[in-house]
Amino acid sequence: MNYHPQIHPIDQVGVGERASRLFSRSIKKESKIRALKLALSMIDLTTLEGKDSLGKVRQLCYKASHLHDQFSNLPQVAAVCMYPNMVEVAKKALKSSSIKIAAVATAFPSGMATLEAKLNEVKSVVDAGVDEVDMVMSRGRFLQGDYSYVFDEVAKVKNTCGKAHLKVILETGELITLDNVRKASDLAMEAGADFIKTSTGKVKPAATPSVVLVMLEAIRDFYKRTGKIVGMKPAGGISTAKLAIQYLVMVRETLGQEWLTPDRFRFGASSLANDILMQIVKQSTGIYQSINYFSID
Amino acid sequence: MSKRLGIRKTYKLYINGKFPRTESGRYYKWTDEKKTAIMNMCRGSRKDFRNAVVAARKAFEGWSSRTAYNRGQILYRIGEMLEGHRDQFIGELILQGLTKRAAEKEITQTIDRFIYYAGWADKYQQVFSRVNPVSMPYFNFTVPEATGVVAVCAPEESSLLGFVSVLVPVIAGGNTCVILASQSRPLCSISCAEILHSSDVPAGVVNILTGLRTELLEHFSSHMDVNSMIYCGENLQEIKMVEENAALNVKRAVIYKNEAWSKKTSQGPYYILETQEMKTTWHPVGV
């Protein structure tokens, strides 16, 4: 179809200022523990390396459901996220658990494949039984101004997903301007994305405060206009509990309390989980922790 | 013409190769005995300590895997730099209550201490390593290795020679450290940061805090990512706390009680050994 993006200019300085003001909030004591546990429950525990092995994925799945057994009352993470060829072993490892399984598809991370190959890949992971598909947007086509192609691609992938949730990775590090980030967010949501996600984690900069704020505002405007709920997933470079809490503040102030649930907000991360666990233990014992006493991720 | 106003130095902490103010924004006033100089010292907080441990942990891999010879070169370089700042330190020692003569002696001994340990940096391994006799076809040998991140509570009385005497054996042995300067005489210790900073010591290898011992000691001794703790002092309650907290993650607790740092006997390879762990390896004969 012929897709013409709405022009929605972004005030780059204003967004930066607002993001840094939201990031300066101080969350302490009980509120901090609540925020930490919430953040933990929103993590998509991720492994997307060329050197991933079956054993590594099994270990990841084990960690997802046994974050830190010495400590009771911990939530489990929302999902595990991996390459398509690892889905089967993850499926087996998480058989009796409510943790969702997400796979990246559509020639992650570059997205440089034919539409047919991408759809086949999506179909194969959906057939394998994933709950969520993380697709990458065609940034090259987008930057050429071929918005209709990108729109159709997302729509077809969404169609192929069936019941599985679709997250669209914009790869904001390659979109250059915040105007483009807004444009891409609008496009992805119009085309049927259930979640929009900042980055693959392979390109720097990945999730930055300004980019996340622009995307959250796009979600808010889309919700007000259409009534449709779209989730948000910042990914890449979010490795500290402090940063995670700052993003939660941003979500709360932009989209409201209803978005503070794993159904609508996720963190794509690997080492974030351990940092949050260390903070939770520190909060309850008063003793600074060491990574040596937590399972490897 | 009006009299020129003096430019006073702001004393700050030394963390990760940078000179930040304390994150807490707190200070304590330090005055010399004659009240000729009054200055504010950072009252470092537990969060400053936490940041310093993160920096030390990050620096550990690089520092411990340098060649021992290179660590010796850098220690020697610190000695050279200190020599160039001799007058500055003499002035500071006099402010801290020493006579000129005593100050001159102390700076000389301090410089010599760097040179002394610079020599030991690539020799203590040979001295303390051994081949153990075993009744099987194996080579069995034991070698010292750096322990990791060391938290140091420096001597209260001797803020230059004492401070340096506990610090140098730790880094000569490939450890990284966070060191709390003397509370009552912080001046020379925090000035040392500038010397270390200009001597090719990588960022994070030495982190220096000033502040109140009563406030920080608990965190120094309990932090799970600290592998060893050196305590200088005589307070039995504090020693008890250090030893008890050290048990949390089986830290090596080293206590220096009533050490006379100006004596020749207060230096030696055994001070390096205090923050080393011995690793024993079995290796099949003939392979």
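Everything that follows concerns the structure shown earlier in this document.
Since we're looking at a predicted model, the values are computed, not measured. (Residues numbered from 1 in each chain as written. Chains lettered and ligands numbered in written order. Predicted model: local features only at pLDDT ≥ 70, side-chain atom pairs only at ≥ 80, totals over all residues. Heavy atoms only, no water.)

Draft legend 1. Up close: the packing of helix H3 (residues 86-95) of chain B against helix H4 (residues 100-120) of chain B. All names here are of chain B. In contact at an axis separation of 9 Å, H3 and H4 are set at 130° when each is read in the N-to-C sense. Here H4 runs oblique to H3, going by the angle between their axes. In the crossing of H3 with H4, the sense of the turn from one axis to the other is right-handed. Of the residues in H4, those touching H3 at Arg86, Phe89, Ile90, Leu93 and Ile94 are Lys100, Ala103, Glu104, Glu106, Ile107, Thr108 and Ile111. Its residues placed into classes, the contact of H3 with H4 shows seven nonpolar, one polar and four charged. (Axes fitted to C-alpha atoms, helices over the stretch in contact; angles between N-to-C directions. Helix = DSSP H or I, 4+ residues; strand = E, 2+ residues; numbered from the N terminus. Parallel < 35°, antiparallel > 145°, perpendicular 65-115°, else oblique. Left-handed = near helix turned anticlockwise from the far one by under 90°. Contact = heavy atoms within 4.5 Å. Nonpolar A, V, L, I, M, F, W, Y, C, P; charged D, E, K, R; others polar.)

Draft legend 2. Quick peek at the interface of chain B and chain A. Chain B puts ten residues into the contact, and the matching count from chain A is nine residues. The contact between chain B and chain A buries some 860 Å² in all, and 53% of this surface belongs to carbon and sulfur atoms. For the interface between chain B and chain A, the tally reads zero salt bridges. Our count for the chain B to chain A interface comes out at three residue pairs in polar contact (both at pLDDT 80 or more). Those elements that provide at least two residues to the side of chain B that touches chain A are helix H1 (46-64) and helix H8 (213-222) of chain B. (Buried area = accessible area lost by both parts, 1.4 Å probe. Salt bridge = Lys/Arg side-chain N within 4 Å of Asp/Glu carboxyl O. Polar contact = N/O pair within 3.5 Å; in protein donor to acceptor, adjacent residues only side chain to side chain.)

Draft legend 3. Spotlight on the environment of glycine 201 of chain A. Along the chain, the position of glycine 201 of chain A falls in the loop between strand E6 (195-197) and helix H9 (209-226). Separated by 138 residues in the primary sequence, glycine 201 of chain A and lysine 63 of chain A place their C-alpha atoms 21 Å from one another.

Draft legend 4. Summary view of the nonpolar core. Within the largest apolar cluster, 92 residues are counted, with the highest numbers of intra-cluster contacts made by Ile43, Val80, Val168, Tyr247, Met250, Phe267 and Ile276 of chain A. Broken down by element, this core gets its largest block of residues, nine residues, from H9 of chain A. With sequence-adjacent residues up to four places away left out, tyrosine 247 of chain A is seen in contact with Phe23, Ala207, Thr208, Pro209, Val212, Ile238, Phe265 and Phe267 of chain A. If you look at the next biggest cluster of nonpolar residues, it comprises 61 residues, including Met39, Trp120, Ala172 and Tyr256 of chain B. (Core = buried A, V, L, I, M, F, W, Y, C linked by side-chain atoms within 4.5 Å. Buried < 20%, exposed > 50% of the residue type's maximum accessible area, 1.4 Å probe, protein only.)

Draft legend 5. Representation of the sheet that holds E6 of chain A in the model. All names here are of chain A. Here eight strands make up an open sheet; going across it, the order is E7-E6-E5-E4-E3-E2-E1-E8 and the pairing parallel. At either end of the open sheet lies a strand with only one pairing partner, and these are strand E7 (231-233) and strand E8 (267-269). Strand-to-strand twist across the sheet, computed as the mean angle between neighbouring axes with direction ignored, equals 25°. Where strand E1 (residues 43-46) meets E8, three bridges bridge the pair, whose relative direction is parallel. Bridge pairing in E8 places aspartate 44 opposite glycine 268. This element, helix H7 (residues 147-161), spans strand E4 (132-136) and strand E5 (165-169) of the sheet and lies at about 155° to E5. (Pairing = 2+ DSSP bridges.)

Draft legend 6. Molecular detail of helix H10 (residues 241-255) of chain A. All names here are of chain A. Here H10 is 15 residues long and its end C-alpha atoms lie 21 Å apart, about the 21 Å a rise of 1.5 Å per residue gives. In terms of burial, H10 is a largely internal element, eleven of the 15 residues being buried. Of all the residues in H10, the buried ones are Ala241, Ala244, Ile245, Gln246, Tyr247, Leu248, Val249, Met250, Val251, Thr254 and Leu255. Turning to H10, the residues buried within the fold contact helix H1 (12-22), helix H2 (29-41), H9, E8 and helix H11 (272-285). Immediately beyond the C-terminal end of H10, within one or two residues, lies glycine 256, with a positive phi of roughly 95°. (Expected span 1.5 Å × (residues − 1).)

Draft legend 7. View of a nonpolar patch on the surface. Residues and elements named next belong to chain B. The grouping of Val131, Phe139, Phe141 and Val285 at the surface amounts to a nonpolar patch, some 370 Å² of accessible area in total. Note that phenylalanine 141 resides in strand E4 (residues 138-146). Note on phenylalanine 141: relative accessible area 31%, which makes it partly exposed. (Patch = residues over 30% accessible without salt bridge, like charges linked within 9 Å, V, L, I, M, F, W, Y side chains within 5 Å. Areas by Shrake-Rupley, 256 points an atom, 1.4 Å probe, with all protein chains shown as cover.)

Draft legend 8. Examining the sheet that holds strand E3 (residues 130-131) of chain B more closely. Residue and element names in this part refer to chain B. In space, the three strands of this open sheet follow the order E3-E4-E10, with antiparallel pairing throughout. The two strands at the open ends of the sheet, each matched to only one other strand, are E3 and strand E10 (276-284). Inspection of the sheet shows E4 paired to E10 by nine bridges, in the antiparallel sense. If you follow phenylalanine 141 over to E10, its bridge partner there is threonine 281.

Draft legend 9. Quick peek at the pattern of salt bridges. Using the criterion set out here, one finds 33 salt bridges over all chains in the structure. Put simply, glutamate 104 of chain B and lysine 100 of chain B hold a salt bridge, and the shortest N to O gap is 3.1 Å. Taken together, the positions of glutamate 104 of chain B and lysine 100 of chain B, both in helix H4 and four residues apart, correspond to about one turn of that helix. Looking at glutamate 104 of chain B, the relative accessible area reads 32%, which means it is partly exposed. One salt bridge in this structure joins lysine 279 of chain B and glutamate 145 of chain B, with 3.3 Å as the shortest N-O distance. With a gap of 134 residues between them, lysine 279 of chain B in strand E10 and glutamate 145 of chain B in strand E4 connect regions that are remote in the sequence. Residues participating in the shared-partner salt-bridge network are Asp44, Glu132, Asp134, Lys167, Lys197, Lys233 and Arg266 of chain A.

Draft legend 10. Region of interest: the state of the cysteines. All names here are of chain B. The tally for this structure, following the rule as stated, stands at zero disulfides over all chains. Just so you know, cysteine 153 is unpaired, no disulfide at all, and the nearest cysteine sulfur is the one on cysteine 232, 7.3 Å from it. Judged by its relative accessible area of 1%, cysteine 153 is buried. The cysteine cysteine 192 is free of any disulfide, with cysteine 188 supplying the nearest cysteine sulfur at 7.3 Å. (Disulfide = S-S within 2.5 Å.)

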